[in-house]
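Coordinate inspection notes
Listed here are the chains, written in short residue letters.
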Protein chains: 2
Amino acid sequence: MSVTLDAIDRHILRVLQRDGRISNVELAREVGLSPSPCLRRVRLLEEAGIIDRYVAVLDPAKVGAGLTVFARVWFKTQDAEVTLRFAEAVRRFPEVMECYLTTGECDAVLRIVTADLHSYWRFQADHLTRIPSVLSVKTDVPMETLKRSCELPLR
Amino acid sequence: MSVTLDAIDRHILRVLQRDGRISNVELAREVGLSPSPCLRRVRLLEEAGIIDRYVAVLDPAKVGAGLTVFARVWFKTQDAEVTLRFAEAVRRFPEVMECYLTTGECDAVLRIVTADLHSYWRFQADHLTRIPSVLSVKTDVPMETLKRSCELPLR
DNA sequence: GATGCTTCGCAATCTCATTGCGTGAGCTTT
DNA sequence: AAAGCTCACGCAATGAGATTGCGAAGCATC
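The rules behind each value
- Just so you know, the residues in each chain are numbered from 1, in the order the chain's sequence is written.
- A letter from A marks each chain and a number from 1 marks each ligand, given out in the order of writing.
- Two thresholds apply to this predicted model, a pLDDT of at least 70 for residue-level local features and 80 or more for giving and counting side-chain atom pairs, whereas whole-chain, interface and lining totals are computed over all residues.
- Side-chain figures throughout are based on the complete set of non-hydrogen atoms in the structure, without hydrogens or water.
- Here a residue is considered near a molecule or strand provided that any single heavy atom belonging to it is located within 4 Å of it.
- In protein, a polar contact requires one atom able to donate a hydrogen and another able to accept it; more generally it is a pair of N or O atoms within 3.5 Å, and residues adjacent in sequence count only if both atoms are side-chain atoms.
- Here a strand is any run of E in DSSP of at least two residues, a helix any run of H or I of at least four, and the numbering for each starts at the N terminus.
- Here the term charged refers only to Asp, Glu, Lys and Arg, the term nonpolar to Ala, Val, Leu, Ile, Met, Phe, Trp, Tyr, Cys and Pro, and the term polar to all other amino acids, Gly among them.
- Any two residues having at least one pair of non-hydrogen atoms within 4.5 Å are treated as being in contact.
- Accessible-area loss on putting two parts together, using a 1.4 Å probe and summing over both, is the definition of buried area adopted here.
- What counts as a salt bridge is simple: a side-chain nitrogen of Lys or Arg found within 4 Å of a carboxyl oxygen of Asp or Glu.

A short note on the protein's contact with DNA strand C
- DNA strand C sits among 13 residues. The nearest are Asn-24 and Arg-43 of chain A together with Ser-34, Ser-36 and Arg-41 of chain B.
- Within the backbone of Asn-24 of chain A, an N or O atom sits 2.5 Å from a phosphate oxygen of DNA strand C.
- Secondary-structure elements contributing two or more residues to the surface near DNA strand C are α2 (24-31) and α3 (35-47) of chain A together with α3 (35-47) of chain B.
- Of the residues in the surface near DNA strand C, the class split is 4 nonpolar, 5 polar and 4 charged.

Observations regarding the interface of chain A and chain B
- Counting from both sides, the interface comprises 59 residues of chain A and, opposite them, 59 residues of chain B.
- Summed over both partners, the interface of chain A with chain B buries about 5,700 Å², with 60% contributed by carbon and sulfur atoms.
- Summed over the three residues of chain A that lose the most area to chain B, namely Arg-21, Leu-146 and Lys-147 of chain A, the buried surface amounts to 15% of that side.
- Seen at the junction of chain A and chain B, the total is 4 salt bridges.
- One salt bridge in this structure joins Arg-21 of chain B and Glu-46 of chain A, with 4.0 Å as the shortest N-O distance.
- Between chain A and chain B we count 41 residue pairs in polar contact (both at pLDDT 80 or more) in total.
- Elements represented by at least two residues in the side of chain A that touches chain B include exactly α1 (7-18), α3, β1 (51-58), β2 (67-75), α4 (80-92), β3 (96-101), β4 (108-114) and β6 (144-148) of chain A.
- Sorting elements by how many residues they give to the side of chain A that touches chain B places β1 of chain A first, with 8 residues.

As far as function goes, none of this settles anything; it's purely spatial.
Laid out in structure tokens, this is it:
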């Protein structure tokens, strides 16, 4: 199912990326439609998978997830089996927010979220380095987060 | 305003992180409350800033943002002025999804989202390298994204 | 054991989501 | 150019859910 996005669709998506719980009545007003065609467009965007889902965004610091650590991972070997096992393991840990497979310097980069450094080291020792695929881990702790956005650019 | 999260609050947050548009009636059923105290808890979590906001999550590939590139940035100098200017510039670009200031190898790491490699190079040439603070940029293109989650771990 | 505090559930009201239907604009065909 | 077709719009009715006030129950304190 292919949907070509017109200006109104993009306007809807921009608004919903900022406020996913806006009422349809207000959304319609913002994009210059009446409620029913507006809701119809939203439903089409959902069915087309363009809107994947709606989520609540929590304040990391207030739920004990204030620290972001990047972990660069080296694998023991470079085969499909090892990669698959690693992917499965990584999916289980809620602390792992993002995981990318890379070429070059290391084999994978993880963004890991914990309460503080102590929690992180415990996570690394107890879980990360115990994944059978993992040979070694190096960590980077950013001093400051300048930006973290969920809003994809449209056009 | 400090709110201590009990088991029900964490349950609510877990559900809302998965489905930010669940009706209050169904949310109440899932966490084992009646609708009114459930809604009251949600409102308190919002007012306390624990729930920061609600957003629609789009499919990057379907809105022309299929490529993730990590850009490591080196600054010309290391003072507050340069950092501040850089932060302001970075905030303006919707393509920059995340930006971290780091120590060690480079000065900043950016996660940048574009449609494809061609769009990325254009963005880098036209915008990124033209930020006055920026001395040089090196890019890392992950082969594969194994995980990208919005859900913070609770407890 | 009484009092105060907190959080619950119930009920009433009101807003909003949802669906069906008629209308008009734009495009194709003849 | 007119007729026909399609698509998206707005309106209206209905039903579901959000929201608020109020009384009751649990728990701690004194």
